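Observations on the model geometry
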Amino acid sequence: MAKKIGTIILMLLMLLSPAAAWADVGDVETLVLTEHNLGSDEMHISLPEGWYFNTPRDIDGEFLKVSENSRRKLIKYLNDSDIDYNLVSKDLLDEINIIFVNSSQSKMMYNFSLLNRDVLIERAKSMVDMGTQENKDIRSTYHSYELQEFNGCIFMVFEGTMETPEGKVDFYQYTTMVNGFGITFTYRGSEGTDYESGKLLLDKIAHSFTVDEIKEADLKENMIKQMIAPAALVAGFIGFTIFLFIRQLRKNKKEEKAKLNK
């Protein structure tokens, strides 16, 4: 259960104008948002063109060529991680994931708005206070948190780092519970990317998220509080995007070695 809940909590972009269709994440001001449905017709998010765009139903063929992934493995990865949309910049340095989960656990939590603000702050703070977490050869650390409320939803917003044997990745993340769904938007920028512009981009995309109707839960608030333990929020939160980054980092190292051997 904890692993599934963590996947919920653990992530986006905007439609580029034709003249800027191959712009990188640094060109935030030139980006134009185009609406997509998220999980159902009642939720909406704006995402970009000009990046590699993968979903469990539609894999970008060009991305498979440049990232050395297989269609079957990538679909399995997206499904196992509950990723509705995966976007990767053309230089493969930036990645955005949008997770959308509808499970018995997310239905039990239902809405962050049902919880007292102090309770949410306590949960978010606990993730930062736990320090560096290790899972096999992955070290993940949450450095900061805040709460934001917009479009009728309350979001926990985090920044942190993830370290693997292949390199270090910074991440920026929004997560919420609404109408029984767990929703997370995460931006990750590897070494050499414009991380601050990536954050601005994720801000823009997160604020494009809308829900036609925020529904009331049938469960009492105290039941929901009991179900949301800090460990459940943390488990599995970080690791789901490293598949793409590690493959690219390994590829970069191979290319660097090949150049040195020339």
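Below or above, wherever it landed, is the structure these notes cover. Here the residue numbering is sequential within each chain, running from 1 through the sequence in written order. Thresholds applied to this predicted model are a pLDDT of at least 70 for local features of residues and 80 or more for the giving and counting of side-chain atom pairs; totals over whole chains, interfaces and linings are not thresholded and use all residues. Note that the side-chain values use all heavy atoms of the structure and ignore hydrogens as well as water.

Considering helix α6 (residues 195-206)
Starting at the N terminus, helices and strands are each numbered in turn, a helix being any DSSP run of H or I of at least four residues and a strand any DSSP run of E of at least two. Take the number of residues in a helix, subtract one, and multiply by 1.5 Å to get its expected span. Over its 12 residues, α6 extends 16 Å from the first C-alpha to the last, a length consistent with the 16 Å expected when each residue adds 1.5 Å. Burial classification: accessible surface area is computed with a 1.4 Å probe over protein chains only, and a residue below 20% of its type maximum counts as buried, one above 50% as exposed, and the rest as partly exposed. For α6, the full list of buried residues reads Tyr-195, Ser-197, Gly-198, Lys-199, Leu-201, Leu-202, Ile-205 and Ala-206.

Here we look at helix α3 (residues 71-80)
Within α3, burial applies to Leu-74, Tyr-77 and Leu-78. Looking down the long axis of α3, one finds its buried residues gathered within 95° of arc, a one-sided arrangement. In the segment just after α3, Asp-82 is the residue with positive phi, at about 60°. Directions pointing from the helix axis toward each C-beta atom define the arc.

Structural notes on the environment of Leu-74
On the secondary structure map, Leu-74 appears in helix α3. Each C-alpha atom, one on Leu-74 and one on Pro-56, is 8.1 Å from the other, the two residues being 18 residues apart in sequence.

Some words on the packing of aromatic side chains
Only Phe, Tyr and Trp rings take part, Trp by its six-membered ring, and two of them pair if their centres are within 6.5 Å. Stacked means planes under 30 degrees apart, edge-to-face means over 60, and tilted covers everything else. Counting across every chain of the model gives 13 aromatic pairs. Their ring planes at 25° and their centres at 4.8 Å tell us that Phe-100 and Phe-181 sit as a pair that is stacked. Residue Phe-100 is located in strand β7 (residues 94-101), and its partner Phe-181 is located in strand β12 (residues 181-189); the two are separated by 81 residues in the primary sequence. The exposure classification of Phe-100 matches that of Phe-181, with both residues buried. With 5.8 Å between their ring centres and 80° between their planes, Phe-155 and Tyr-174 make a pair best called edge-to-face. With Phe-155 in strand β10 (residues 153-164) and Tyr-174 in strand β11 (residues 167-178), this pair connects stretches of sequence that are 19 residues apart. Put simply, the rings of Phe-150, Phe-155, Tyr-172, Tyr-174, Phe-185 and Phe-209 touch in pairs and so form one group of aromatic residues. Note on geometry: a ring has a charge over it if NZ (lysine) or CZ (arginine) is within 6 Å of the ring centre and within 35 degrees of the ring normal. The ring of Tyr-52 carries Lys-90 above its face, with NZ or CZ at 4.0 Å from the centroid. If you follow Lys-199 out to its NZ or CZ, it ends over the ring of Tyr-172, 5.3 Å from the centre.

These values are about where atoms sit, not about what they do.
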